[in-house]
Amino acid sequence: MGYHLNFNLIWRHFDKLWGGLVLSLELALVSIAIGIAIGLTLAVIHVSGGRIVRALIGAYVEFIRNVPLILLVYLVFYGLPTAVDISYDATTSFVATLSLYAGAYLVEVFRSGLDAVPRGLIDAGKAIGLTPWQRLVHVRLPTMLRITLPALSNTFISLFKDTSVASVIAVPELTYGAQWINFNTFRIAEVYLVVTSMYLATGYAILLALRALERRFVIGR
Amino acid sequence: MLAAILYAIPFLMQGLLTTIVVSLLVVVLSTAIGGLMGIGLVYGPAPVRWLVRGFSDIVRGIPILVLIFFIYYGLPIAGLNLQPFSAAVLALTVFKSAQVIENVRGAIGSIPRGQMDAGKAVGLTFAQRLAYVIAPQAIRRFLPPWINGVTDAVKGSALVSLLGVTDLMHAMQQVIGRTYNALPLYVLGAIIYFVINYGLSALSRMLERRFSYIRE
Amino acid sequence: MSVLDPSSGTPLLRIRGLEKAYGQVTVLRGVDLDVAKGEVVTVIGPSGGGKTTLLRCVNFLETYDKGSIRIDGEEVGYQDGPRRAMRSERDLARMRAETGMVFQMFNLFPHLTAAENVMLGLVKVRRKPKAEARAIAEHWLRRVGLAEKLDRLPSELSGGQQQRVGIARAVAMDPKILLLDEITSALDPELVGEVLDVVLQLASEGMTMLVVTHEIGFARDVSNRVVFMADGLIAAAGPPRELFGGAIEVERLRAFLSRFGARV
Ligand SMILES: Nc1ncnc2c1ncn2[C@@H]1O[C@H](COP(=O)(O)OP(=O)(O)OP(=O)(O)O)[C@@H](O)[C@H]1O
Ligand SMILES: [Mg+2]
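Residue indices begin from 1 for each chain and proceed along its sequence in written order. Chain labels run from A onward and ligand labels from 1 onward, assigned in the order the entries are written. Local features are withheld for residues below a pLDDT of 70 in this predicted model, meaning they are given only at 70 or higher, and side-chain atom pairs are given and counted only at 80 or more; totals for whole chains, interfaces and linings count all residues. Working from all heavy atoms in the structure, the side-chain values ignore hydrogens and water.

- As named in an unreviewed UniProt entry, chain C is Amino acid ABC transporter ATP-binding protein, taken from Alsobacter ponti.
- UniProt positions are given in the numbering used here, feature names are shortened, and annotations may be inferred rather than shown by experiment. Its UniProt record gives chain C the following Sequence similarities (unreviewed entry) comment, quoted word for word: "Belongs to the ABC transporter superfamily."

- Going by the annotation in an unreviewed UniProt entry, the name recorded for chain A is Amino acid ABC transporter permease, with Alsobacter ponti given as the source organism.
- Reading the Sequence similarities (unreviewed entry) entry of the UniProt record for chain A gives the comment "Belongs to the binding-protein-dependent transport system permease family. HisMQ subfamily."

See below:
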């Protein structure tokens, strides 16, 4: 009502937000890279492994997918060090958590991608005499990656948004930057207006870039 | 450790109740609001379609945590002072509504156009076509992702602890603050969340199997 | 050339100057056509000529840009008067209920059994009690030879059987006019006969019909009048004997018919 928006204080501390945004992107990038490694490895093990291995992978996937991310973040940062003798800073802890989190979602993506590879392609691979492993490497995985590209893009954008949860353990990413300005200037509404716009604009830019990349891949097939 | 867990259980149950109430409110409200908006997105006139598309795209582009803070801290500027509980429910409802809109769009989009025509040809009104022709078919496509989306409401509700609402997550934090016994409590909390959400996603998968069987 | 109904009196369906475009593409460029009560008119012509569009306009599944379509004197889709205001949803539904339509791709409701497909309009539009609707559905499904399949889902029926349910669903509403759009072209050849037999039967009982078909032989047998449509216009029209017998000299018609090996 009597409140007047005043962005001056926000601009004065904008480096906090800018640095936060860059860190958010870095967190998402590192996590998806590790997540892809986890997901791909486990998906391949899953299609070729025995029952027990499959059950173990299933347990990992289901546990991660059904527990709130914030709880996983606390569990790894505050919980684990009380039981095992390791220590890490908040950022490392969060990257580990988000990578495990991404891995669980990506196993599913890659697994259904492998299932979606047309039978005819696999038969064609058999017909020219490829071994099962060769068919996996030369036929199924390349086809699967193309099929899963849109899902990978979506996962990356989700991860970028999920980095905001790192603020709860004081990792200085974008949302934490917002809270810092908030506590120090009390321009609460302004800061969340700016930060929300930053998330939206960045997410949209990533989306456009990834869609362009997908088109390149599909056309250049 | 057993003593710590026994001590914690009543507090956690109290918090769990709040988690369930928040989730239920969010699911009911967002299904109603998102359902209507979804129908607007598919069948509405151009301005309605643009509005709904814009709403959904913007909301889905904002992290839930930021949405929660934005509504709790930002709305007072517009003269709307919400209690943490209401702000949390409102924020999660906005988030879930966008999801329901996409569920509705996906479900209706999977029905061939000829079905609407056939409904028109026998003289059904728009509301009747929706109720007797589109809805019974769309519901099969709608239910599995919708139930799966309920787990997002439950998981998202853990963020309301940051506004000081004493849900399951917050109750855990409080007990840990008193007992300094972090790991067992986090694991216990994780198990409770897991049981709820795994149940929901198992139900979703079961429905999906059942319906895909019917379709063929 | 006169394409209007030769018989006297007001026709049941009266189309005048009908024009319709999809964006830049003009599909109907001034169609005039009358169908008298009890008459069977078939529409033939090359693909893309606008036959489907014409039928869809008559049931107002498409809006149209210019001209008028009247059924029993009542304007289809738009309110009477100088302003071209759309009728209310309720009004449109009422008018559509008075015209029956059978689709090329059947469009049966996949979640309802054969009987329920027929009953839906009877219960929800005609407001008939369930038992009465069921009796009517049974009557019509028996008429189309599906007495045994009442409680089957569409996915459990053959294409020919599905299309016969489609016909039953349309005629059970007791429509003033039945619109059929290439109802056999999605069917295997050996199933075409069973569907056309049903239509012949209905025609012989005096059902008014506007039929789009590629089955020239069927058009000859069933119609009182045949209309040849090309490029959004009616290029020729007349009794089947005249049209197929070469009495009407239209270049495009001759070319079209020669593809079917019909005698010209
Ligand atoms: N929804 C639409 N949007 C744009 N153009 C359309 C649409 N429906 C039909 N057309 C165009 O209108 C023209 C007439 O189509 P219509 O389906 O009426 O022809 P038809 O005579 O029924 O052909 P066929 O014998 O192949 O069924 C075609 O050129 C078609 O491409
Ligand atoms: Mg056609």
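Here the narrative resumes.
### Digging into the site of ligand 1
Residues and elements named next belong to chain C.
Here's step 1: Nearness of a residue to a molecule or strand requires only that one of the residue's heavy atoms be within 4 Å of it. In the vicinity of ligand 1, the contacting residues are Tyr22, Val27, Pro46, Ser47, Gly48, Gly49, Gly50, Lys51, Thr52, Thr53, Glu182 and His214.
Here's step 2: Between ligand 1 and Gly48, the relevant distance is 2.8 Å, taken from an oxygen atom to a main-chain nitrogen or oxygen of the residue.
Here's step 3: Any pair of nitrogen or oxygen atoms within 3.5 Å is treated as a polar contact; in protein, a donor-acceptor pairing is required on top of that, and neighbouring residues in sequence qualify only through side-chain atoms on both sides. Contact between ligand 1 and Glu182: an oxygen atom at 3.0 Å from a side-chain N or O atom of the residue.
Here's step 4: We get accessible surface area from the Shrake-Rupley algorithm with a probe of 1.4 Å; when it comes to residues, only the shown protein chains can shield them. In the complex, the protein chains occlude 60% of the 630 Å² of accessible area that ligand 1 would expose alone.
Here's step 5: By the criteria applied, helices consist of DSSP H or I runs no shorter than four residues and strands consist of E runs no shorter than two, each listed in order from the N terminus. Counting residues per element, the shell around ligand 1 draws most heavily on helix α1 (residues 51-58), at three residues.
Here's step 6: In this classification, Asp, Glu, Lys and Arg are treated as charged, Ala, Val, Leu, Ile, Met, Phe, Trp, Tyr, Cys and Pro as nonpolar, and every other residue, Gly included, as polar. Grouping the amino acids of the shell around ligand 1 by side-chain chemistry returns three nonpolar, seven polar and two charged.

### Digging into the UniProt feature "transmembrane region" (unreviewed entry) in chain A
Residue and element names in this part refer to chain A.
Here's step 1: In the UniProt entry, the feature "transmembrane region" (unreviewed entry) is given for residues 20-45, 57-80, 86-107 and 191-213.
Here's step 2: As annotated, residues 57-80 has a helix share of 88% and a strand share of 0%, and its two end C-alpha atoms lie 21 Å apart.
Here's step 3: Helix makes up 100% of residues 191-213 and strand makes up 0%, while its end C-alpha atoms are separated by 33 Å.

### Here we look at the packing of helix α4 (residues 69-83) of chain A against helix α7 (residues 168-179) of chain B
A packed helix pair is summarised by two numbers, namely the angle formed by the two axes and the spacing between the axes.
Here's step 1: α7(B) packs onto α4(A) with a crossing angle of 20° between their chain directions and a minimal axis gap of 11 Å. The angle between α4(A) and α7(B) falls in the class roughly parallel. Relative to α7(B), the crossing made by α4(A) is left-handed. Contacts between α4(A) and α7(B) involve Ile70(A), Leu71(A) and Tyr74(A) from the first element and Met169(B), Met172(B) and Gln173(B) from the second.
Here's step 2: Its residues assigned to classes, the contact of α4(A) with α7(B) shows five nonpolar, one polar and no charged. To get an axis, fit a line to the C-alpha atoms, keeping to the stretch in contact for a helix; angles then go from 0 to 180 degrees between the N-to-C directions. When describing relative orientation, an angle under 35 degrees is termed roughly parallel and one over 145 degrees roughly antiparallel, while 65 to 115 degrees is termed roughly perpendicular and anything else oblique. With the far helix as reference, a near helix turned anticlockwise by less than a right angle produces a left-handed crossing, and one turned clockwise produces a right-handed crossing. We call two residues in contact when some of their heavy atoms are within 4.5 Å.

### Regarding the sheet that holds strand β8 (residues 209-212) of chain C
Residues and elements named next belong to chain C.
Here's step 1: Two strands qualify as a pair provided DSSP detects at least 2 bridges between them. Read from one edge to the other, the open sheet built from six strands follows the order β6-β7-β8-β3-β9-β10, with strand pairing classed as mixed. On the outer flanks of this sheet lie β6 (99-102) and β10 (233-238), each paired with one strand and no other. Ignoring strand direction, the axes of neighbouring strands in this sheet form an average angle of 20°.
Here's step 2: Bridge analysis of strand β9 (residues 225-230) against β10 gives five bridges, and the strand direction is antiparallel. Within β10, the position partnered with Ala230 by the bridge is Leu233.
Here's step 3: On top of the sheet, helix α5 (residues 159-171) reaches β6 and β7 (177-181); it is set at about 175° to β6, its chief contact.

### Section: the interface of chain B and chain A
Here's step 1: Across the contact, 35 residues belong to chain B and 35 residues belong to chain A.
Here's step 2: Buried area is a sum: the accessible area each of two parts loses on coming together, probed at 1.4 Å, counted once for each and added. Roughly 2,900 Å² of surface becomes buried between chain B and chain A when both sides are summed, with 77% attributable to carbon and sulfur atoms.
Here's step 3: We count a salt bridge whenever a side-chain nitrogen from Lys or Arg sits within 4 Å of a carboxyl oxygen from Asp or Glu. Run the count over chain B and chain A and you get one salt bridge.
Here's step 4: One salt bridge in this structure joins Arg205(B) and Glu62(A), with 3.6 Å as the shortest N-O distance.
Here's step 5: Elements that contribute at least two residues to the side of chain B that touches chain A include exactly α2 (46-61), α3 (64-74), α7 and α8 (182-215) of chain B.
Here's step 6: Per-element tally for the side of chain B that touches chain A: the top contributor is α8(B), with twelve residues.
Here's step 7: Split by residue class, the side of chain B that touches chain A holds 23 nonpolar, eight polar and four charged.

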